[in-house]
Amino acid sequence: MTITFITGANNGHSGSQTVTEGTDAIVALATEGPGAGTGRFIDRHGEIAWS
């Protein structure tokens, strides 16, 4: 999961994502089946390649 800059009252609404967009990756991980694997980086669009 990646850490992103979420817009909100604490930062003057200057973040690049809404709260909903910022939680997409968390919800995806929480609802994956047991065989989904570990040791991955993901964002709201899916898995991110190691670089």
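Check the entry above for the structure.
Attention here is on the structure that accompanies the text. (Residues numbered from 1 in each chain as written. Predicted model: local features only at pLDDT ≥ 70, side-chain atom pairs only at ≥ 80, totals over all residues. Heavy atoms only, no water.)

**Thoughts on the overall build of the protein chain**
Okay, so step 1: Counting its regular elements, the protein chain contains 1 helix and 2 strands.
Okay, so step 2: Written out in order from the N terminus, the α and β elements of the protein chain read α-β-β.
Okay, so step 3: Buried residues in the protein chain amount to 12% of all 51 residues. (Helix = DSSP H or I, 4+ residues; strand = E, 2+ residues; numbered from the N terminus. Buried < 20%, exposed > 50% of the residue type's maximum accessible area, 1.4 Å probe, protein only.)

**A short note on the pattern of salt bridges**
Two side chains that carry opposite charge are able to pair once their charged atoms sit near each other.
Okay, so step 1: Counted by the stated rule, this structure contains 2 salt bridges.
Okay, so step 2: Salt-bridge contacts for Arg44 lead to Asp24; the nearest nitrogen and oxygen are separated by 2.8 Å. Here Arg44 is found in the loop between strand 1 (41-43) and strand 2 (46-48), whereas its partner Asp24 is found in helix 1 (residues 19-30), with 20 residues between them in sequence.
Okay, so step 3: A salt bridge links Glu32 to Arg40; the shortest N-O distance between them is 2.6 Å.
Okay, so step 4: Using a relative accessible area of 33% as the deciding quantity, one classes Glu32 as partly exposed. (Salt bridge = Lys/Arg side-chain N within 4 Å of Asp/Glu carboxyl O.)

**Things to note about the environment of Trp50**
Okay, so step 1: Within the secondary structure, Trp50 sits in the segment after strand 2.
Okay, so step 2: Overall, Trp50 belongs to the exposed group, its relative accessible area being 63%.
Okay, so step 3: Distance in space between the C-alpha atoms of Trp50 and Arg40 is 8.3 Å, their sequence separation being 10 residues.
Okay, so step 4: Those residues in contact with Trp50 that lie beyond four places of it in its chain are Gly39 and Phe41. (Contact = heavy atoms within 4.5 Å.)

Interpretation note: all reported values are geometric properties and have no functional meaning in isolation.
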